[in-house]
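What the coordinates show
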Amino acid sequence: MTLKKPFLIVAIWLTLAGTGGAMCVLTGMYLYLSPQLPPVDSLKDVKLQTPLRIYSSDEKLIAEFGEKRRTPITFDQIPKTYVDALLAAEDDNFFEHSGVSIKGLMRAVTQLLLTGRRASGGSTITMQVARNYYLSRRKTFARKFNEILLALRIEQELSKEEILELYVNVIFLGNRAYGIHAASQVYYGKPLSQLSLAQFAMLAGLPKGPSTMNPIANPERALTRRNWILGRMLALKMIDETEYTAAASEEISSSYHRGNVDVQAPYAAEMARAKAIELFGLNAYTEGYRIYTTVDSEMQNSAHNAVIKGLLTYDSRHGYRGPEQKLEPPKIPELGPTPINGTTSTSDSETASDKEQAIDPHPYIEAWLDQLKSIPTYGGLSPAAVILVSEQSITALTHEGETVEITWKQGLSSARAYINQDAVGPAPVTASDIVSVGDVIRLQINDIGEYSLSQVPNAQAALVSLKPDDGAILSLVGGFDFNQSHFNRATQAKRQPGSNFKPFVYTAALENGLTAASIINDAPIVLDDATMESTWRPKNSSGKFDGPTRLRKALYRSRNLVSIRVLREIGVGNTIRGMSRYGFNEDELPRDLSLALGSHGLTPLEVATGYAVFANGGYRVQPYLIERILDNTGKRVYEALPATVCRDCETDINTDTAAISQDRPTANASGPEFAKIEDDPFALTFNIKSLLGQLEPSDYPRAERVLDERVAYIINSMLQDVIRRGTGIRAKALGRYDLAGKTGTTNGPADAWFSGYNSEIVATTWLGFDQIAPIGQREYGGKAALPIWIDFMRTALAGKPETTREQPPGIVTVRIDPETGDRARAGDPDAIFEYFRTENTPEESEETSPTNLRYENEERLTEDLF
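Our subject in this report is the structure included herewith. (Residues numbered from 1 in each chain as written. Predicted model: local features only at pLDDT ≥ 70, side-chain atom pairs only at ≥ 80, totals over all residues. Heavy atoms only, no water.)

**A word on the pattern of salt bridges**
What counts, and what does not: Whenever a carboxyl oxygen of Asp or Glu lies within 4 Å of a side-chain nitrogen of Lys or Arg, that contact is scored as a salt bridge. The numbering of helices and of strands both runs from the N terminus, where a helix is a DSSP run of H or I of at least 4 residues and a strand a run of E of at least 2. Only protein chains enter the accessibility calculation, which uses a 1.4 Å probe. A residue is then buried if its area is under 20% of the maximum for its type, exposed if over 50%, and partly exposed in between.
Scanning the model with the defined rule gives 30 salt bridges in all. Put simply, lysine 309 and aspartate 791 hold a salt bridge, and the shortest N to O gap is 3.5 Å. Taken together, the positions of lysine 309 in helix α12 (residues 297–316) and aspartate 791 in helix α23 (residues 781–796) put the pair 482 residues apart, joining distant regions of the chain. For aspartate 721, the salt bridge is made with arginine 552, and the minimal N-O distance between the two is 3.2 Å. A residue pair is termed long-range when its members are at least 10 positions apart, and aspartate 721 in helix α22 (residues 709–725) and arginine 552 in helix α17 (residues 551–556) qualify at 169 residues. We classify aspartate 721 as buried; its relative accessible area is 1%.

**Focus on the packing of aromatic side chains**
How two aromatic rings sit relative to each other is set out by the distance from centre to centre and by the angle between their planes. Threshold: Geometry of aromatic contacts follows a simple scheme: Phe, Tyr and Trp rings, the Trp one being its six-membered ring, pair when their centres are within 6.5 Å, and the pair is stacked under 30 degrees between planes, edge-to-face over 60, tilted otherwise.
Tallied over the entire structure, the rule returns 18 aromatic pairs. Where phenylalanine 172 meets tyrosine 178, the ring centres are 4.9 Å apart and the plane angle is 40°; that geometry is what we call tilted. Taking the relative accessible area as the measure of exposure, phenylalanine 172 reaches 26% and is therefore partly exposed. On the numbers, 5.9 Å between centres and 65° between planes, the contact of phenylalanine 280 with tyrosine 638 is edge-to-face. In this pair, phenylalanine 280 sits in helix α11 (residues 266–280) while tyrosine 638 sits in strand β18 (residues 636–641), placing the two residues 358 residues apart along the sequence. Across the pair, exposure class does not vary: phenylalanine 280 and tyrosine 638 are buried alike. Members of the aromatic cluster, connected to one another through ring pairs, are Phe501, Phe504, Tyr582, Phe584, Tyr611 and Phe614.

**Considerations on the side chain of serine 393**
Applicable threshold: Polar contact criterion, stated in full: a pair of N or O atoms within 3.5 Å, where within protein one must be able to donate a hydrogen and the other to accept it, and residues adjacent in sequence count only if both atoms are side-chain atoms.
Along the chain, serine 393 turns up in strand β6 (residues 393–398). A polar atom in the side chain of serine 393 sits 3.5 Å from the side chain of glutamate 405.

**Topic: the packing of helix α16 (residues 502–511) against α22**
Relative orientation and spacing of two packed helices are given, respectively, by the angle between their axes and the distance between those axes. We count it as follows: The axes are straight lines fitted to the C-alpha atoms, using for helices just the contacting stretch, and the angles between their N-to-C directions are given from 0 to 180°. We call two directions roughly parallel when the angle between them is under 35 degrees, roughly antiparallel when it is over 145, roughly perpendicular when it lies between 65 and 115, and oblique otherwise. Here a crossing is taken to be left-handed if its near helix is turned anticlockwise relative to the far helix by less than a right angle, and right-handed if that turn runs clockwise. The contact criterion used throughout is that any non-hydrogen atoms of two residues lie within 4.5 Å.
Relative orientation of the contacting elements α16 and α22 amounts to 135°, with a least axis distance of 10 Å. Overall, the two elements α16 and α22 adopt an arrangement that is oblique. In the packing of α16 onto α22, the handedness of the crossing is right-handed. Between α16 and α22, the residues in contact are Pro503, Tyr506, Thr507, Leu510 and Glu511 and Val711, Ile714, Ile715, Met718 and Leu719, respectively.

**Details of the nonpolar core**
Defined as follows: We define a nonpolar core as any set of buried Ala, Val, Leu, Ile, Met, Phe, Trp, Tyr and Cys residues linked to one another through side-chain atoms lying within 4.5 Å.
Counting 93 residues, the largest nonpolar core has Tyr506, Leu551, Phe614, Met718 and Leu719 as the members making the most contacts within it. Judged by nonpolar contacts, the second largest core, of 46 residues, contains Val83, Leu87, Ile125 and Leu195.

See below:
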């Protein structure tokens, strides 16, 4: 008894000394580390890295850019089911402790002492918030002590709800997803409110191993983790037995969703991204800017589909070029004999099931599937490998591991071999005439899930549409597939517009004294022009000549020889002078007669901008894509102020004065100004009216009138005839009479164009090869480009009433002789009506009727009169 007392005293003193020593060490560490800790109150104003998002004008997502996919949410937006699953997985005492779990830390220390490894950090959710916002992820004791100190401070400054909100927004959950909102979209492609209990549990399990335990990278480990969390929820009485059983038996339904993109507009998105970098630098990727474009989602998706359909239709006319590549069977001896046409030889003793096994599964499916997954899908055409060739059908393995049968009617019977752009081979007789086992082909799937043989076109196409009154880009497609080529043919490809340029020449002719009834000889011509390298013998596309032809007829029939004579009569200099009003660079235009045939390269966007002048009645507008930009708080930091047509405004701009109201900014040469809201009083007023939805055309800068409204009216009526009775007659399929436009085809032919419009929308389409080459002797604007325009406009104009352009003062309607262009004789049964500016009205003669009618309204001038 007496011996035990000294030992007890020694033990007590040692314990006290150890405790005191530990306290001294801890106090010393606190005094050393505490001044270095960041201020916790900064968490209340923390800026999460949020990607740049691009939206359509109707607020549908086009694209997002940034390393981290994140959409911050508030605590009220966090589903309770997810909160329960998260606490069960990470910190079930979260609402009870003060930021640090002694029990968790002791468990971590015990594991370290017993195993020598740090298997668990004992971190609470608050400690994880401290680490994610302020500290590195290096596992050191100093960092852990800082984590504890910060957690205690955070608990003093913030409520539990605020801490949890910070956590769910910053936590990394794999596949570039930061925060649960982004993870919900990445793994399930839907918002949090639509997830099941099992899916919430799956997300709650991701923080432990976001890269190695997510359901895409490792579905087995993810399933185990999910079910363990469900078991914890059951033990904590967060769910009942029935809910647990149902959730635990639910299959994994996750797959990688690149983004919940609503609009197929990658080329427009890239233009917006480039503008954001120009305005904000690299911060554009992380500061949560939202760019709202002028793109109309319905029109854009229609344009995207129209370009793909148009290219596939064009491509199918020129034959099948064969498989993209050949997959060779892997050298694996144990696979047995090499299959022939997807089968292996079998002996009579083999059972039926043995014979089926010889065909399906194909012995090379697994090896070929890996190769197929590395081949990208373009324009919706997925790669597939031929694994069986029958008499008039084939079986193909898709890149998703599905085997599908392609019958004779599903693209095989029409797969005539490509010889050149003007010739194809004979029709195939059997499937083996087209493909063989191991060939990589492309499959197209229709609306009812049927596959057909296809191929990625070699040609390219572009489409761009604008709002004529202000230049807003409504849709833009720069090629077959952005992933195939980032080159934006709508804005970067300068190609010869051919006859698509003629309306600008004919407009100059109308301004220089010619009329729609002027007679020009459509006859052969040989030109020895000093500006050209050799003698030039232009001809019409048909090779025929019409002789004396009215200007109107020459335009809607696209007569090249008339256009050249018109240009020669009015002068190249007079024609070029004023081309800048359409947005063309006058210094770049060729100063020779080839200008009449559109020999100067222009982009589809430039052409569409020029046609907008015809569509809006004579005003110049600049194309623009970005409507407004919001920062991460929702504040408008930029607003587009495009020069806008205001027909009802008292103050107008005319060609003579070129003056503009002094209280409004004007558009510059490269496009509309961006008004910085905080610096511009006008922009501030504009922003207030914009938020209230009270903007009118008069609130914008005035668009300048650059073309006499009477000339604009006459050229518009001539371009309407292109569709009613000319080279664009296929557009009559739309069943509208307010459409106008012009086809275009260049030498080769190498480029096919169509530009058309009504008062609400102007659109230009182009088709050709990136490396200039013939598209085929039987291809032209009305056959290759116009169908794309029609498919797009069918959607763009759906449900919109026809518009009638009001006939301006100073125009008269006169009956003329269609052969001479002069006033018609009294009682002439072949006479037609034509529009003239008052000063250009044909003189009356004794043979003409003195009582010719002059109509003031275009509605009286119907198609029946022509």
